[in-house]
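Report on the structure
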Amino acid sequence: MKSTIQTDSAPSAIGTYSQAVKVKNTVYLSGQIPLIPETMEVIEGDFAAQANQVFKNLVAVCEAAGGEINDMVKVNIFMTDLSNFATVNEIMSQYFREPYPARAAIQVSKLPKDVDIEIDGIMELPSVN
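Definitions and cut-offs
Residues numbered from 1 in each chain as written. Predicted model: local features only at pLDDT ≥ 70, side-chain atom pairs only at ≥ 80, totals over all residues. Heavy atoms only, no water. Salt bridge = Lys/Arg side-chain N within 4 Å of Asp/Glu carboxyl O. Helix = DSSP H or I, 4+ residues; strand = E, 2+ residues; numbered from the N terminus. Buried < 20%, exposed > 50% of the residue type's maximum accessible area, 1.4 Å probe, protein only. Phe/Tyr/Trp six-rings, centres within 6.5 Å; stacked < 30°, edge-to-face > 60°. Pairing = 2+ DSSP bridges. Right-handed = clockwise from strand over helix to strand, strands pointing away. Expected span 1.5 Å × (residues − 1). Polar contact = N/O pair within 3.5 Å; in protein donor to acceptor, adjacent residues only side chain to side chain. Contact = heavy atoms within 4.5 Å.

In total, this model carries two salt bridges according to the counting rule given. Two residues, E68 and R97, come together in a salt bridge whose shortest N-O distance is 2.8 Å. With a gap of 29 residues between them, E68 in the loop between α1 (47–64) and β6 (72–79) and R97 in the loop between α2 (85–95) and β7 (102–107) connect regions that are remote in the sequence. Residue E68 is classed as partly exposed on the basis of its relative accessible area, which comes to 34%.

Now the structure itself:
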């Protein structure tokens, strides 16, 4: 049984995908970029502002799926510059508590809307909702 997750508290999909897809108690979260949900515009500011917005968007999708960000078991972080790695770690520590999810951090040449960061992941809900 597959269901899609949609919330107005996170940016709407800008293509042929869902914000997240739930199969039993596993939720596959699509990549979030630093869009402000209400305006669908990229947040102004530096890399830290972008990263914070991405995590806020992930929180919203996790909650819409019936969980919380700490239910994420795998996180993939895509950045256009790996020199921002320490900033991501600092900001991530504000959203996650131990045990932390498994994670990959990957430098890419370009992301949608020319943003500097995108994050996707997998969440395992404590029980089937």
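Back to the write-up after that little detour.
Attention shifts here to the packing of aromatic side chains. Within this structure, the stated rule accounts for two aromatic pairs. On the basis of an interplanar angle of 15 degrees and a centroid distance of 5.2 Å, the ring pair of F55 and Y95 is categorised as stacked. Placement of F55 in helix α1 and of Y95 in helix α2 is noted, with a sequence separation of 40 residues between them. Y95 gets classed as buried once you look at its relative accessible area, which sits at 17%. An aromatic cluster is present here, built from F55, Y95 and F96 joined pairwise through their rings.

Our focus in this paragraph is the pairing of β6. Judged from the seven bridges that link them, β6 and strand β8 (residues 117–124) form a sheet pairing that is antiparallel. Within β8, the residue paired with K74 across the bridge is I122. Bridge count between β6 and β7: six bridges; the pairing is parallel. Directly across from I77, in β7, lies its bridge partner A105. Tracing the backbone out of β6, into α2 and back to the parallel element β7 gives a crossover that is right-handed.

A few words on α1. When the terminal C-alpha atoms of α1 are compared, their 26 Å separation across 18 residues agrees well with the 26 Å that a helix rising 1.5 Å per residue should span. Considered for burial, the residues of α1 that qualify are F47, Q50, A51, Q53, V54, F55, N57, L58, A60, V61 and C62. Positive backbone phi, approximately 95 degrees, marks G66, located one or two places after α1.

It is worth spelling out the side chain of S30 at this point. Counting through the fold element by element, S30 comes out in strand β3 (residues 26–32). Looking at S30, its side chain comes within polar contact range of the main-chain oxygen of S18, at 2.5 Å. Leave out the neighbours within four places in its chain, and S30 touches Y17, S18, Q19, A20, I119 and D120.

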